Every structure is written in C-alpha cells, then in structure tokens.
Amino acid sequence: MTSAAPTTPPRIEYILNASCRAGTGIVAAVATFLAERDCYICALEQFDDDSTERFFMRAVFRQQEASPPIDDIRQQFAAEVASRLEMQWKFHDPSEAVRTVIMVSKVDHCLDDLLYRRRNGELNMNITAVVSNHLDLRPMVEREGIRFVFLPVTKDNKAQQEARLLEIVEETRTELVILARYMQILSDELARRLAGRCINIHHSFLPGFKGAKPYQQAFDRGVKLIGATAHYATPDLDEGPIIEQVLTRVDHNYRPAELTRVGRDNECMALAAAVKFHIERRVFVDGNKTIVFRGP
C-alpha cells in the first residue's frame, strides 16, 4: 500500500495598497521590509504623480515558511514604515469576497451581467443585497438567492429612503455600492458618505448626452462613437473620478435601436471592468482622477 503524496499547502497572498508624498526610497523601504519577513513579492506596480507629488503603490506578496503572522506584519509595517513615510495604507486578503450592494431600477442588462460574472468566478463579491426603487427585477434577483430590498423613492421620502440604504450598507458591512443603471440621483450627502466606494455607469463617453433617450439624441446628432463610462459617484453628477471607459465605432447605418444595443454592451463591459479593478484593489483616487494599475 503506497502512502498518499504530501499535499502542498495553499499559497496565501495579500495585497498592499499604499500612497504617500512622493520621495526617494519608498519602494526600497517596502521591499526591504517584506523581504526581511520572508515575504515573496509576486507583483509590484507604482506611480509617481508629479502633478500632485503623490506616490501610489500596489504590491502583491506571499508569506513563506519563516514569515510571521499577517497581524504581526501589519503592526510592524505601521510602526516601521507607514508612520515614518506618513503613508495611507492597507493590507487586503484577495480571497475574501468584497461585500457589495447593487442598486437598480427597471433596466436589467448591467445587473444580469454582474450576476453572471459573479457566478462564473470573475468577480469575487458577496452581494449582500440588491436595492431597487421598482419591483421589476425582483424575480431575477431572488432566483439567485439574493436579498431584494424595495425602496421606492419620491420627492417626499428621498431622505428617508437614503437613510435606510445607509442602514443596509452598515448592517451588512458592505464595502462597495454599484449603481447598475439606478435611475435616481443621489443626494450630495449620500454621495459624500459613499465616496470612493460607489461606482456608477454612465451611458456615454463622458461628457455626453444628458436626460432621457440618450441613444435617440446620439442618432439625431449622427454620432460616430458610442461609449460608456464607469466612475465613482460624487455630488457633481456624472463628474466623479473615471475608472474605465469603453468605445465602439458606429456610422449612419445604425438606427436608434441598434445604438441602444451597442450601448448596452458597452455599459456592461465598462461597469464590469471597473468593478473588477475595484475588487482587486487596483484603483486609487487621486483628486478628481484615478490611478488604475492593470498589471498582474
């Protein structure tokens, strides 16, 4: 009887996100700190924004046999590196699903795409609830075994419903809110409360057509490009830091219905990419723009 081959212990990886005032020796300080604790750096990306004098870094590292526990590494990093460099930083465990609330109205294509990508493992998120101001998409959500919350919004109850939304976010410890064609404007206060963790999808390559029937407007103007923009929501409507944009070239042969179809595809692709970048801790907000590390 032969003995079973020894199993290889799972590789435990972590992501370090860090930003601070630009200067010399930052990469060396982080790399040396991790090396001294027998941590293997699998990937490292950095950017020095000379317009703001800010430095940004995303490092993926793996603990090895002699590495101390991750909690010890956190405490030592705070004391030995972060405090000296006045660094904003955080260690993330990429195996932990990001707790997410999705907000929708009546249109289903972005929600359906996100649910599909979650099912096939492309988006590592735990959808804590889908919140809607309409009941149309309830069957789709509940088929997935996901909590559906109906919060109808009027001019008289908007503040109350937004307060309830924040309660849901807090009670579920939600990290990310996705506006998947949620057709309500967030109040300035709610946008501020969700700053840097609320992703919106806009139906054009910003700046673009505002108001109702954007693709009819695009047809009337004879556009040659149809786009979609995913960005963080801010009090300035559709002017938040842009995470991802998708474009498709069109011409005079495209009728409004065809432009709408192309637009739906673009919206799904841009939103899914932005959510993936956020979940994988690749996005840094730098003023009114973003740094997005697209490497390994």
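Residues numbered from 1 in each chain as written. Predicted model: local features only at pLDDT ≥ 70, side-chain atom pairs only at ≥ 80, totals over all residues. Heavy atoms only, no water.

**Here we look at the overall build of the protein**
Applied cut-off: Each helix is a run of H or I in the DSSP string that is no shorter than four residues. Each strand is a run of E no shorter than two, and both are numbered from the N terminus. Any two residues whose heavy atoms approach within 4.5 Å at even a single point are treated as in contact. Under the convention used here, a 1.4 Å probe and the Shrake-Rupley method define accessible areas, while residue burial counts only the protein chains that appear.
Along the protein, the regular secondary structure elements total eight helices and 13 strands. Dimensions of the protein along its principal axes, counting C-alpha atoms only, are 65 × 60 × 45 Å. In the protein, 67% of the contacts between residues at least 6 apart in sequence involve partners at least 24 apart. Accessible area for the protein stands at about 15600 Å²; split by element, carbon and sulfur atoms hold 50% of it.

**Side note on the pairing of strand β2 (residues 39-49)**
Operational definition: A pair of strands is treated as paired once DSSP finds two or more bridges between them.
Note: β2 against strand β3 (residues 54-63), ten bridges, orientation antiparallel. Of the residues in β3, the one forming a bridge with Ile 41 is Phe 61. Here β2 folds back onto β3 in antiparallel fashion, the turn holding four residues, of which Glu 53 has a positive phi close to 55 degrees.

**With respect to unusual backbone geometry**
A negative phi angle is the norm for most residues apart from glycine, just as the trans form is the norm for most peptide bonds. You will see that Asp 38, though not glycine, has its phi angle at about 55 degrees, which is positive. Within the fold, Asp 38 resides in the loop between α1 (26-36) and β2. The backbone phi angle of Arg 173 is positive, close to 55 degrees, even though this residue is not glycine. Looking at where Arg 173 falls in the secondary structure, it is placed in the loop between α5 (158-171) and β8 (176-179).

**Some thoughts on the pattern of salt bridges**
Just so we agree on the cut-off: The rule for a salt bridge is simple: a side-chain nitrogen of Lys or Arg has to be within 4 Å of a carboxyl oxygen of Asp or Glu. Categorising residues by exposure relies on relative accessible area from a 1.4 Å probe, with only protein chains included: less than 20% of the type maximum marks a residue as buried, more than 50% marks it as exposed, and the intermediate range marks it as partly exposed.
The full count for this structure, using the stated rule, is 23 salt bridges. In this structure, Glu 267 and Arg 181 form a salt bridge, with 3.0 Å as the shortest nitrogen-oxygen distance. Here Arg 181 lies in the loop between β8 and α6 (188-193) and Glu 267 lies in helix α8 (residues 256-279), a separation of 86 residues in the sequence. Under the relative-accessibility criterion, Glu 267 is labelled buried at 0%. As a salt-bridge pair, Glu 244 and Arg 294 come within 2.8 Å of each other at their nearest N and O atoms. In this pair, Glu 244 sits in strand β11 (residues 242-249) while Arg 294 sits in the segment after β13 (289-292), placing the two residues 50 residues apart along the sequence. The network of salt bridges with shared partners includes Glu 45, Lys 276, Glu 280 and Arg 282.

**Thoughts on the sheet that holds strand β4 (residues 88-92)**
The criterion, for reference: In this description, a line fitted to the C-alpha atoms serves as the axis of each element, helices being fitted only across the stretch in contact, and the angle between N-to-C directions of two axes falls anywhere from 0 to 180 degrees.
Within the open sheet, the four strands sit side by side as β2-β3-β1-β4. Their pairing is antiparallel. With partners counted over all chains shown, the strands left at the sheet margins are β2 and β4, one partner each. With direction set aside, neighbouring strand axes in the sheet form an average angle of 10 degrees. Two elements, strand β1 (residues 13-21) and β3, share nine bridges in a ladder whose sense is antiparallel. Directly across from Ile 15, in β3, lies its bridge partner Val 60. Contacts from helix α2 (residues 70-85) reach β1, β2, β3 and β4 within the one sheet, and its direction differs from that of β4 by about 165 degrees.

**A few points about the packing of aromatic side chains**
For clarity, the cut-off: Aromatic contacts are taken between Phe, Tyr and Trp rings whose centres are within 6.5 Å, Trp giving its six-membered ring; a plane angle under 30 degrees counts as stacked, one over 60 as edge-to-face, and the others as tilted.
Tallied over the full model, the rule gives eight aromatic pairs. Arranged with centres 5.2 Å apart and planes meeting at 75 degrees, the rings of Phe 33 and Phe 77 form a pair that is edge-to-face. A residue pair is termed long-range when its members are at least 10 positions apart, and Phe 33 in helix α1 and Phe 77 in helix α2 qualify at 44 residues. A single burial state applies to Phe 33 and to Phe 77, both of which are buried. With 5.6 Å between their ring centres and 65 degrees between their planes, Phe 56 and Phe 284 make a pair best called edge-to-face. With a gap of 228 residues between them, Phe 56 in strand β3 and Phe 284 in strand β12 (residues 283-286) connect regions that are remote in the sequence. Pairwise contacts between aromatic rings join Tyr 14, Phe 33, Phe 61, Phe 77, Trp 89 and Phe 91 into one cluster.

In short, geometric facts, not functional conclusions.
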